[in-house]
Every structure is written in structure tokens, then in C-alpha cells.
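Survey of secondary and tertiary structure
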Amino acid sequence: MTTTTPGPSALRGAVGTARTRIEGREKVTGAARYAGEIPFADLAHGWLVLSTVTRGRILDVETAPVLAMPGVLTVLHHGNAPRLKTDYVGMLGTPPDPTCAVFQNDRVPFAGWPVALVVAETPEEAREAAEALVVTYDSEPHDTALHPDHPGAYPADGHMPAETEKGDLEAQLAASAFVVDAEYTTPEEQHSMMEPHAATARWEGGRLEVVDSNQGAGWVQGELATMFSLDASSVRVRSEHIGGGFGSKGLRAHQVSAVMAATALQRPVRVVLTRRQTFSLGGYRSPTTQRVRLGAAPDGRLLALEHRSLNQTSTVYEFVEPSAGVARVLYDADAHRTANHVVRLDVPSPTWMRAPGEAPGSFAIEAALDELAERGGIDPIELRLRNEPDVGPVSGLPFAGNNLAACFREGARRFGWADRDPRPGIRREGRWLLGTGTAAASFGAGAAPSTALVTAEADGSFTVRITAADIGTGARTALTLIAADALETAPEQVRVRIGDSDFGPAMIAGGSMGTRSWAWAVTAAAAELRERLAMTTSIPPEGITVRSDTTEALGALARKERHSFGAQFAEVAVDTATGEIRVRRMLGVFAAGRIVNPLTARNQLVGGMTWGISMALHEEAVRDRNTGGHYAPDLAGYHVATHADTPAIEVDWVDDHDPEDPVGIKGVGEIGIVGAAAAVANAVWHATGVRHRDLPIRPDRVLAATGPVPAGGAVDA
């Protein structure tokens, strides 16, 4: 049933008020069970065995000694595993990563490739047997090094065109009063969510059930059904509580191998990835090398803009980190060129990671804008405002609201930007050099078709069922507030059930589109339910249920550039004797549509900005070129920002309304990280006069910067 959607006037009361998470008490007391904690009778445990070579073939898997070990039930590998269907296009418009289609051939395309699954009665027995399994390989030479002039690089579309171009770039650069031409790099970054990947598969009454930690139960259900050639109705995926996802928790090797083992043994099987295994099987953000060329007229107006990005992908799967995409939204120029290229290497497949493309891309373009401002003697905020586009720089479409200027003006006022001395290396406090920096942020505000079920119960309460996923964002609470207002009742009268593929198709928790998509479906169902209740004299004992589908409503939306925007500000202190950098304070002001729950929205934005600090100063997964594997793939070797690294971060937002959007939500999950690393890096330049174009800005890189700190000048590190 297709339904209409009420306007914003029908949504009032609960939305916009700060509410603690509905499931908060259960989570802090341990009552909320995660995928690896839910008990099952007769549960067996699988342990993945990963390749120790980077490229080659499997010659032999010596299963006999392992099968004789205590508790071992089976060993699955390419010689005995069922064949899977892989020649299809999945929910995200791409074929599945062959890393998920485990044990299909004898090829090893990267270090950490799944070569076997050992299943035993206990996790300890499975692990011991997995570590004892002998696998013989025929190793081949490998290439894991990403560099900007790699001969294998090629343009790749991903979810946007690979290249865009207008105007004569070289002519406009030649006509520019001042020019920036620089290369910026970002390293490999890992998701490192608190809860590891875990899945339990079992057959119950001829139906496959998977209890998982994922960002979309319907997504995983559809992929598993297709891969195992099952009818979708015979597969159910449940994912009630998720301890972080960030783009990593889609279809992975552990779910597929668990289904294989449960099918072979006809009993429940659980597979949990270790922290080290997630470094090769959980996906990651690809390192990037980005070249930015900017040319401006004397007044700072951009005449030329070129942003080219290169990322690595595996030899078995193409994934594009579209870092040049952010320049297609934020700034226009008479000559405008962007390009996203990839190179296939013998590395694991990268994947979506919080603000894919925008996070690394904003570092490059916003650092380059800062350099341009310094060379032109223009205030960095003023330079950005002078180049705010009237329409999409590439699409030519009108903006459905662009309140970036309001974010900068409010942020500058609150941060005290007017008192800033623009000269670098001037402010000092004892052994610390102090500096401030800023950057712009943009992230798309999309929505995807979703369905929702709303039931009027006999006792006067309401139940909402939708295949949403709460990956820590507070989605349950937000949907409860939205449903309460749409039903014109109190939040206490609404029960929201999520994370079950049986509730019907819905958008995943990703792309900052989850809450917006789900809210649309919930309000549509609630509107029709209210109409039906108004025509009903009494509610039957079983209640009345309405199902919505937003496909038609979304298709009717006018084509526009829809984005959240933000302005990031940072103050840092740098000790040039030790190389230590401390972020003293940060402020982010955002235009992110209608804020459903200020408490959880603020948490999301602060979390994103914290990740930006981590990206700027700490995070870096380093790969050994000789072995193809990581150095220290764990949270001891992979550094993330902790409490000691994180200052008091302030977050606020400005009014941001799209009159044509009946929901008004734009999403806050990813905009918080965009521009944050650039603001920190720009503040480091302002403090020291040294420009760091490679992340993270480690102490050794600060110490390696040559020459004394200049007065009013800059040094390139």
C-alpha cells in the first residue's frame, strides 16, 4: 500500500526535545545482548583461518590431524565448501566482494584471505585447532604499495562519475593572481568499532535464521538469500543491538561461513572475528593521494579548481573512495575538474567508512583553501564565503538550502575568530605554540525507499515495526519521538521494534540516510493509521495495522542538491621540542536539517569531530611491504584518540529547513567528521608556520620539519 506523507505541522511535541536513549538502561546494565552474547542450545563455534601469504595459491589443507583434535566437528575449505552464487548485483548496486564468498577457489589475493573455517564444540577448541591447521601455499610476488604515479591507476565511477570537467583549467591557472599546487595524503584507517563482527546461523523449521551485528538486516538477508540460492522468505536476519558499524557491518566472511557450517552440521554455529581479523576482513578506509590545484583572482574568486584523488582497491573487488566528490559541492570555479582514480593492489578490499570520500577529501581541499587564503592575504572564512556557489558546481542543480555561510558566521562569533592574528608562529604560551584553524564541511542528505508497519493496539498504545538498525546513533529513540508526534500521542505510548528483516525492506544505517528514510516511512504509515482510526468506532482486539512504502513519494521529489553543511573550528598547542600536539578546543556549527533529538544528535556530532582529531593526529594502519600484512593489527598498535587527546568539544546548529521536504531530516551521523581533520591541520600551520600535507601529523613529522619557525611565513613539511 502506497501512502502519502503528512507535512511538518503534523509532527510536533516530542521531536526536538532531548531524550535519553530508550534502551540506555539495558545497555549499561548488560541486559542488552549483542550478537556474540545471545545463547543458543547446542551451539557450535567456528574459527576462521586466514592466509599467511599475500598472493598465490593454496596447494594443500591438512585437515586430518585437526579433525582428530578434541571437540572438532568439521573443517570447511575450498575443497569441500558449497558453491555460491556471486554473479549478481547487490542492494548497494555492486556485486558482492569475493572475500564474502568464502572458500570458492584456491586463489589467495591478499594476506588475511579466509582459507578455512574450523568448527568445534567450544571457542577454545576451535581456536586451538585453527592455529594447528597446516595450509601449504605456492607464493607469488605481490604489490601493496600505493603511490601517485602507479602505472595501474585508472578512473572508476563508484557511486558517482569518475571524472567531471568544465572550462580551460590550464588557461585559468595561468591567468590566476595566486596559485596552489600541492599533494596531500591520508593513510589507511580502520573502523575499530567496540563490538567485533559476530554472527550465529541456524536452521529452524526449514528456515535459515541469522542473528548478527549489522547495519541493515534486510540488506544481509537479501545478500545471503541470493548467494545461497534461497527464497528471500526462507531467510530471516535479526540484529537488535549493534556496538558500532561506521560502514563496516554489511555482508562479511563470518556470516557466510557461519551459514555454511550450520548447513553442514544442522546445528547453530557462531563465528566471531577477532580484533586482528577485522583488519583484513572488516574493511577499512583506503589510503589516498590527492593533488589539488587552485587558482584565484586578486579578490580571491576561484578561477581554477582541480581535485584529483587516487585510492587503492583489491585485485578481486573495486571500491572507490570518492575523495574528489566533496569539491563538486562546496566550491565552483570558471574551470573545474575532479577525478577519482583507483589502483588494484594485493591488499584487502576497502569499504565504506564514516563519510566515505568526504572525510579524506575535505582534508585535501580545505587545507588547499587555507594555503590559498594565506598566499592571497585573505581571511580563510572570507575566502570560502566569496566562493560559495549559487547552484551545484558540477550538477547545475539548485540547492535545497545551503546554510554554510550561517554556520561560519555563527561559529566565528562563538569561537572568537575576529581576534585571531592571521600570522603563523606568533602566539606562544610557555613552551607551546598556539594556533587556530577552520574548515568547511558538506555531506549528502539523501533518502531511500523504505517500508514501515504501525499497529494500533487494543490497549491504546502503538507498535512500530521497521527494519532499521541502531548502530549507536539513538535511532530507536529518534523513531519513537517521530512516531509519537505523527500519531499525536506520548512517546510512552509507542513501542518501536527494529533490526528484523521480517519487517520488510528499508534503508540501511548508512550514508546519513537511515533516520531520514525510516522517519518518512513511519510518518506515512502513522498518517494513514490516524485516518483509519478516525473512521473506526472501536479497535478490534487484534488491532489495526497499516503498512507504508515511500518509493513513490521519493520518486516525486524534485532533483536538487541536498546536503548538510558545517563549519569546523580548532585551536591547537604544539610543542616543537617534542613534537607533541594538543587540541585545546573545537567548535562545530552545522546546518543539518531538523534535529529530532538534540541529546543524541550532539553525541553524534561530537563523536564525528573526535574522530576528526583522531584522523588528524593518530590513526594510521601501516602495511609491511615485504609481507603484505599489517604491523600490529590491534588497538595497541593502531592508535586512536582517547580521553586525554580530546578537549571539550562544542557543537551547535543553525535553522535549516527545506520547504519541499516533508520530513526535514538531513542526518548528522557523518557530517561531524568532515572538515575536522583539516581544521586541526590548518591550526597546526597557524601555530608553527609549517604546513603538514600528510596525515596523521605525528610527533616525528613535527620534529622533522626543517628550519626555524618563521614570522609570518610558511614552511612545507
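Here's what I pulled together on the structure shown here. (Residues numbered from 1 in each chain as written. Predicted model: local features only at pLDDT ≥ 70, side-chain atom pairs only at ≥ 80, totals over all residues. Heavy atoms only, no water.)

**A few points about unusual backbone geometry**
As a reminder, the rule being used: Elements are defined by DSSP. Helices are runs of H or I of four residues or more, strands are runs of E of two residues or more, and each kind is numbered from the N terminus. Buried means the residue's accessible area, taken with a 1.4 Å probe over protein chains only, is under 20% of the maximum for its type, while exposed means over 50%, and partly exposed covers the values in between.
With an omega of -5°, the peptide bond between leucine 695 and proline 696 qualifies as cis. Take proline 696: it is sitting in the loop between β28 (690–691) and α17 (699–704). Unusually for a residue other than glycine, phenylalanine 103 sits at a positive phi of about 60°. Looking at the element boundaries, phenylalanine 103 is found in the loop between β3 (72–77) and β4 (107–108). Positive phi outside glycine occurs at phenylalanine 246, with the angle close to 65°. Of note, phenylalanine 246 is situated in the loop between β13 (235–238) and α6 (253–265). Assessed through its relative accessible area of 28%, phenylalanine 246 is described here as partly exposed.

**Focus on the sheet that holds strand β14 (residues 269–272)**
What counts is decided by this rule: Pairing between two strands is assigned when DSSP locates at least 2 bridges connecting them. Angular values range over 0 to 180 degrees, each being the angle between N-to-C directions of two axes fitted as lines to C-alpha atoms, with helices fitted over their stretch in contact. By definition, residues are in contact when any of their heavy atoms lie within 4.5 Å.
An order of β3-β5-β1-β14-β11-β12-β13 is seen for the 7 strands of this open sheet, with the pairing classed as mixed. Each of the sheet's edge strands pairs with one partner strand only, and the pair in question is β3 and β13. Geometrically, the sheet is characterised by an average inter-axis angle of 20° between neighbouring strands, direction not taken into account. When strand β11 (residues 198–204) meets β14, the two strands line up antiparallel, connected through 4 bridges. Directly across from alanine 201, in β14, lies its bridge partner valine 269. In the packing of helix α3 (residues 123–132) onto the sheet, contacts are made with β1 (44–50), β3 and β5 (114–120), and the angle to β1 comes to roughly 25°. Taken strand by strand, α6 contacts β1, β3, β5, β11, β12 (207–212) and β14, and its axis lies near 30° from that of β11.

**Thoughts on the pattern of salt bridges**
The test is simple: Every case where a carboxyl oxygen of Asp or Glu lies within 4 Å of a side-chain nitrogen of Lys or Arg is listed as a salt bridge.
This model, assessed by the stated rule, comprises 49 salt bridges. Put simply, glutamate 306 and arginine 337 hold a salt bridge, and the shortest N to O gap is 3.2 Å. Here glutamate 306 is found in strand β17 (residues 302–314), whereas its partner arginine 337 is found in strand β18 (residues 335–345), with 31 residues between them in sequence. Each of the two residues, glutamate 306 as well as arginine 337, counts as buried. Members of the salt-bridge network, linked through shared partners, are Glu165, Glu170, Arg293, Glu306, Arg308 and Arg337.

**Side note on the nonpolar core**
Soluble globular proteins tend to bury their nonpolar side chains together. The cut-off we apply is this: What makes a nonpolar core is a set of buried Ala, Val, Leu, Ile, Met, Phe, Trp, Tyr and Cys residues whose side-chain atoms join them at distances within 4.5 Å.
Core analysis: the biggest nonpolar cluster contains 85 residues, and Tyr184, Leu294, Ile365, Phe569, Val572, Met586 and Val680 have the highest contact counts within it. Among residues more than four places away in sequence, those in contact with valine 572 are Leu433, Leu434, Gly435, Ile581, Arg582, Val583, Arg584, Val680, Ala683, Val684 and Ala687. In terms of nonpolar packing, the next biggest core, distinct from the first, is built from 44 residues, Ala475, Ala484, Ala509 and Trp518 among them.

**Some remarks on the sheet that holds strand β2 (residues 56–62)**
Overall, antiparallel pairing links the 3 strands, which are arranged β4-β2-β6 in an open sheet. Whereas interior strands pair on both sides, the edge strands pair on one side only; in this sheet they are β4 and β6 (134–139).

**As for the environment of arginine 344**
Selection criterion: Residues adjacent in sequence count toward polar contacts only when both atoms are side-chain atoms; beyond that, a polar contact is any pair of N or O atoms within 3.5 Å, and within protein one must be able to donate a hydrogen and the other to accept it.
With respect to the element layout, arginine 344 can be found in strand β18. Along the chain, arginine 344 and arginine 25 lie 319 residues apart, while their C-alpha atoms are 46 Å from each other. If near-sequence neighbours (up to four positions away) are discounted, arginine 344 is found in contact with Tyr154, Thr313, Ser314, Thr315, Val316, Tyr317 and Glu318. Of the polar contacts made by the side chain of arginine 344, one reaches the side chain of tyrosine 154; its length is 3.3 Å. A polar side-chain atom of arginine 344 sits 3.2 Å from the main-chain carbonyl oxygen of serine 314.

**Section: the packing of aromatic side chains**
Working definition: an aromatic ring pair is given by the centre-to-centre distance plus the angle between the planes. To keep it simple, the criterion reads: In summary, the pairing rule links any two rings of Phe, Tyr or Trp, Trp by its six-membered ring, whose centres are within 6.5 Å, and it sorts them by plane angle into stacked for under 30 degrees, edge-to-face for over 60 and tilted for everything else. Whether a charge sits over a ring depends on NZ of Lys or CZ of Arg being within 6 Å of the ring centre and within 35 degrees of the ring normal.
According to the stated counting rule, one finds 9 aromatic pairs in the structure shown. An angle of 80° between the planes, with centres 5.4 Å apart, marks the rings of phenylalanine 110 and tryptophan 113 as edge-to-face. Take phenylalanine 110 and tryptophan 113: they sit in the same class, and that class is buried. Ring plane angle 70° and centroid distance 5.9 Å describe the contact between tryptophan 417 and phenylalanine 569, whose orientation is recorded as edge-to-face. Residue tryptophan 417 is found in the loop between α11 (404–415) and β19 (428–429), and its partner phenylalanine 569 is found in strand β25 (residues 563–575); the two are separated by 152 residues along the sequence. Residue class for tryptophan 417 comes out buried when judged on its relative accessible area of 7%. Through pairs of rings, three or more aromatic residues link up here, namely Phe408, Phe415, Trp417 and Phe569. The cationic tip of arginine 585 hangs over the ring face of phenylalanine 415; the distance from NZ or CZ to the ring centre is 3.8 Å.

**Quick notes on the packing of helix α12 (residues 475–487) against helix α13 (residues 514–534)**
Short version of the rule: Put simply, angles under 35 degrees are roughly parallel, angles over 145 are roughly antiparallel, angles from 65 to 115 are roughly perpendicular, and the rest are oblique. Two helices cross in a left-handed way if the nearer one is turned anticlockwise from the farther one by less than a right angle. They cross in a right-handed way if the turn is clockwise. Ten residue types, Ala, Val, Leu, Ile, Met, Phe, Trp, Tyr, Cys and Pro, are classed as nonpolar, four, Asp, Glu, Lys and Arg, as charged, and the remainder, Gly among them, as polar.
Axis separation between α12 and α13 bottoms out at 9 Å; the angle between their running directions is 30°. On the basis of the axis angle, α12 is roughly parallel to α13. Two packed elements cross with a definite hand, and for α12 against α13 that hand is right-handed. The segment α12 lies against α13, with Ala475, Ala478, Leu479, Ile482, Ala483, Ala486 and Leu487 engaging Thr515, Trp518, Ala519, Val522, Thr523, Ala526, Leu529 and Arg530. Along the lines of polarity and charge, the residues of the contact of α12 with α13 split into 12 nonpolar, 2 polar and 1 charged.

**Side note on the packing of helix α15 (residues 598–617) against helix α16 (residues 676–688)**
At their nearest, the axes of α15 and α16 sit 7 Å apart, and the two run at 50° to each other. Here α16 runs oblique to α15, going by the angle between their axes. The element α15 and its partner α16 pack so that their crossing is right-handed. Between α15 and α16, the residues in contact are Met609, Gly612, Ile613, Met615, Ala616 and Leu617 and Ala676, Ala677 and Val680, respectively. Its residues placed into classes, the contact of α15 with α16 shows 8 nonpolar, 1 polar and no charged.

**Things to note about the pairing of β11**
Of the pairings in the sheet, the one linking β11 to β12 comprises 6 bridges and is antiparallel in character. Looking at the pairing, alanine 201 lines up with valine 210 of β12. Count of turn residues in the β11/β12 antiparallel hairpin: 2 residues, of which glycine 205 carries a positive phi of about 60°.

Everything listed here is a matter of geometry and, on its own, says nothing about what the molecule does.
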